[in-house]
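# Structural overview for review
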Amino acid sequence: MEFERVEESNGSVRITACTGTELAVCPQCATPTTRVHDRNQRRLRDVSCGRRPIQVELEVRRFVCGDGSCPVATFAEQVNGLTIKHQRHTVRLRARRPAGGRRAGRRGF
Ligand SMILES: [Zn+2]
């Protein structure tokens, strides 16, 4: 991962980073690919630094699966130890939450 910026504002810390991944492996068929479909900005909540919440703005790539017959046409890369598919918090933050601690009324998926 490449860190681009670390900013502090309004009592919170924002880290801007990108992955620099050249090659990804399809999670469905394990075919490696270098074909980038597009890029997305993901915003993840991370564990707090003292009382300051940390937010990670991460640019991730969506790759095209190299196997034309794979049911997964495109897939977003995941960063080991940081991102969880479809989650808006980091692996570290999830590890700190109590088991089954899903909050009611949470938006997203
Ligand atoms: Zn595939």
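Residues numbered from 1 in each chain as written. Predicted model: local features only at pLDDT ≥ 70, side-chain atom pairs only at ≥ 80, totals over all residues.

## Some remarks on the overall build of the chain
Assigned secondary structure in the chain consists of 1 helix and 7 strands. Listed by position from the N terminus, the elements making up the chain come as β-β-β-β-β-β-β-α. Per-residue burial over the chain gives 9% buried out of 109 residues. A sequence separation of at least 24 residues applies to 55% of the contacts in the chain between residues at least 6 apart. (Helix = DSSP H or I, 4+ residues; strand = E, 2+ residues; numbered from the N terminus. Buried ≥ 20, exposed ≤ 12 C-beta atoms within 10 Å, placed from the backbone. Contact = placed C-beta atoms within 7 Å.)

## Here's the deal with the environment of Asn10
Here Asn10 lies in the loop between strand E1 (2–9) and strand E2 (12–18). Since 7 C-beta atoms lie within 10 Å of it, Asn10 is described here as exposed. Once the C-alpha coordinates of Asn10 and Arg52 are considered, the two residues, 42 residues apart in sequence, prove to be 9.1 Å apart.

## Some remarks on the pairing of strand E6 (residues 52–64)
Taken together, the 6 bridges between E2 and E6 define a ladder with parallel strand orientation. When the bridges of E6 are listed, Arg14 appears paired with Gln55. Hairpin geometry of strand E5 (residues 36–49) and E6 is characterised by an intervening segment of 2 residues between the two adjacent antiparallel strands and by a positive phi of about 65 degrees at Gly50. Bridging between E6 and strand E7 (residues 74–76) involves 3 bridges; their strand directions are antiparallel. Bridge pairing in E7 places Val64 opposite Thr74. (Pairing = 2+ DSSP bridges.)

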